Amino acid sequence: MAEEMKSSAASRKQKEPETLESLLYCWAQALVTAVVGVVLLFTFGVRLISVNGPSMQDTLYTGDELLVLNAMFCDFKAGDVVVINDYNAESPLNETLVKRIIAVGGQTVDIDFGEGIVYVDGEALDEPYAKEPTWSATGLQYPITLAEDEVFVMGDNRNHSSDSRDSRLGPVKEGYLQGKALLLLIPGKTPEIDKADWGRLGLLR
């Protein structure tokens, strides 16, 4: 009998509605957890980077907002769009740069500026992302073989980009890569239509 009474009391207690205080506490706890999660995510996992300048057209434009995966989680490879730290006052870098990896450590880069063709390990690259052929040379002697911890980066707008072709920059140490750009989250103005083209949102290629 005593056990039945205890069971009945426990059942009534479970059915009692939650108090306002307990509901507020649960909501506050969930909010704090969400805020901490977002802070940790954007501190250690991803970040937002704004594009500035014409060097990545027609892939990216000034004002584009990119979601960038932290370098510690990246296995960089040719074709990746990456964000580079300003690390040399004598280089053309005066701010964070966004470029595309053309070759990685151990590979050999050669450029035929007469034909506008880029070669990696003797193979001509198929570059649908490039705005035009690569005619602009800025100081490096080719062919050039990269150290194991280096990458060769170029802008997609080949003849309007300061990148690894410039002897003041050259191949970039992987340690200076902030991360890999994954997504275009917010588009800037596209010059041809002078407004944001929201159809450009999505994964970068």
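Residues numbered from 1 in each chain as written. Predicted model: local features only at pLDDT ≥ 70, side-chain atom pairs only at ≥ 80, totals over all residues. Heavy atoms only, no water.

**Considerations on the overall build of the chain**
Rule in force here: Think of it this way: any DSSP run of H or I at least four residues long counts as a helix, any run of E at least two long counts as a strand, and we number them from the N terminus. Each residue gets one of three labels from its accessible area relative to the maximum for its type: buried under 20%, exposed over 50%, partly exposed in between, using a 1.4 Å probe on protein chains only. When checking whether two residues touch, look at their non-hydrogen atoms; a contact exists if any pair is within 4.5 Å.
If you tally the helices and strands in the chain, you get two helices and 14 strands. A buried classification covers 37% of the 205 residues belonging to the chain. Partitioning the contacts of the chain with sequence separation of at least 6, the portion at a separation of at least 24 is 60%.

**So, the pattern of salt bridges**
Rule in force here: In the sections that follow, a salt bridge refers to a side-chain nitrogen of Lys or Arg positioned within 4 Å of a carboxyl oxygen of Asp or Glu.
According to the stated counting rule, one finds ten salt bridges in the structure shown. Residue aspartate 58 pairs with lysine 131 through a salt bridge whose shortest N-O separation is 3.1 Å. Of this pair, aspartate 58 sits in the loop between strand S1 (46-50) and strand S2 (65-70) while lysine 131 is found in the loop between strand S7 (123-124) and strand S8 (144-145), placing the two residues 73 residues apart along the sequence. In this structure, the salt-bridge partner of lysine 173 is glutamate 150, at a minimum N-O distance of 3.7 Å. Pair noted here: lysine 173 is in strand S10 (residues 172-173) and glutamate 150 is in strand S9 (residues 150-154), with a separation of 23 residues, a long-range link. Among the charged side chains, a network of salt bridges with common partners joins Lys77, Asp80 and Lys180.

**With respect to the environment of threonine 108**
So the rule is basically this: Counting of polar contacts relies on pairs of N or O atoms within 3.5 Å, with two restrictions inside protein: one atom must be capable of donating a hydrogen and the other of accepting it, and residues adjacent in sequence are counted only when both atoms are side-chain atoms.
Secondary-structure assignment places threonine 108 in strand S5 (residues 108-112). What makes threonine 108 partly exposed here is its relative accessible area of 24%. In the structure, threonine 108 is positioned 34 residues away from tyrosine 142 in sequence and 9.0 Å away in space, judged by C-alpha atoms. Once residues lying within four places of it in the same chain are set aside, the contact partners of threonine 108 are Tyr119, Val120, Asp121, Pro143, Ile144 and Thr145. Polar contacts involving the side chain of threonine 108 include one to the side chain of threonine 145, which spans 2.8 Å.

**Looking at the confidence of the model for the chain**
Our working definition: pLDDT: the predictor's confidence for each residue, scored from 0 to 100.
Residues at a pLDDT of 70 or more form 77% of the chain, whose mean pLDDT is 82. Note on residues 1-16: pLDDT is under 50 here. Beyond four places in sequence and across chains, it has zero contacts.

**Here's the deal with the sheet that holds S8**
The following threshold applies: Paired strands are those between which DSSP finds at least two bridges.
A sheet is described by the order of its strands in space; here four strands give the open sequence S7-S6-S5-S8, paired in antiparallel fashion. Bordering the open sheet on either side are S7 and S8, each of which pairs with just one other strand. Summarising the sheet, strand S6 (residues 117-120) and S7 pair through two bridges and their orientation is antiparallel. Within S7, the residue paired with valine 120 across the bridge is glutamate 123.

**Thoughts on unusual backbone geometry**
For the bond from glutamine 57 to aspartate 58, the omega torsion is 5 degrees, close enough to zero to count as cis. Residue proline 143 is bonded to the preceding tyrosine 142 through a cis peptide linkage, with omega at 0 degrees. At aspartate 121, a residue that is not glycine, the phi angle is positive and equals roughly 55 degrees. With respect to the helices and strands, aspartate 121 occurs in the loop between S6 and S7. On the basis of relative accessibility, which here comes to 45%, the residue aspartate 121 falls in the partly exposed class.

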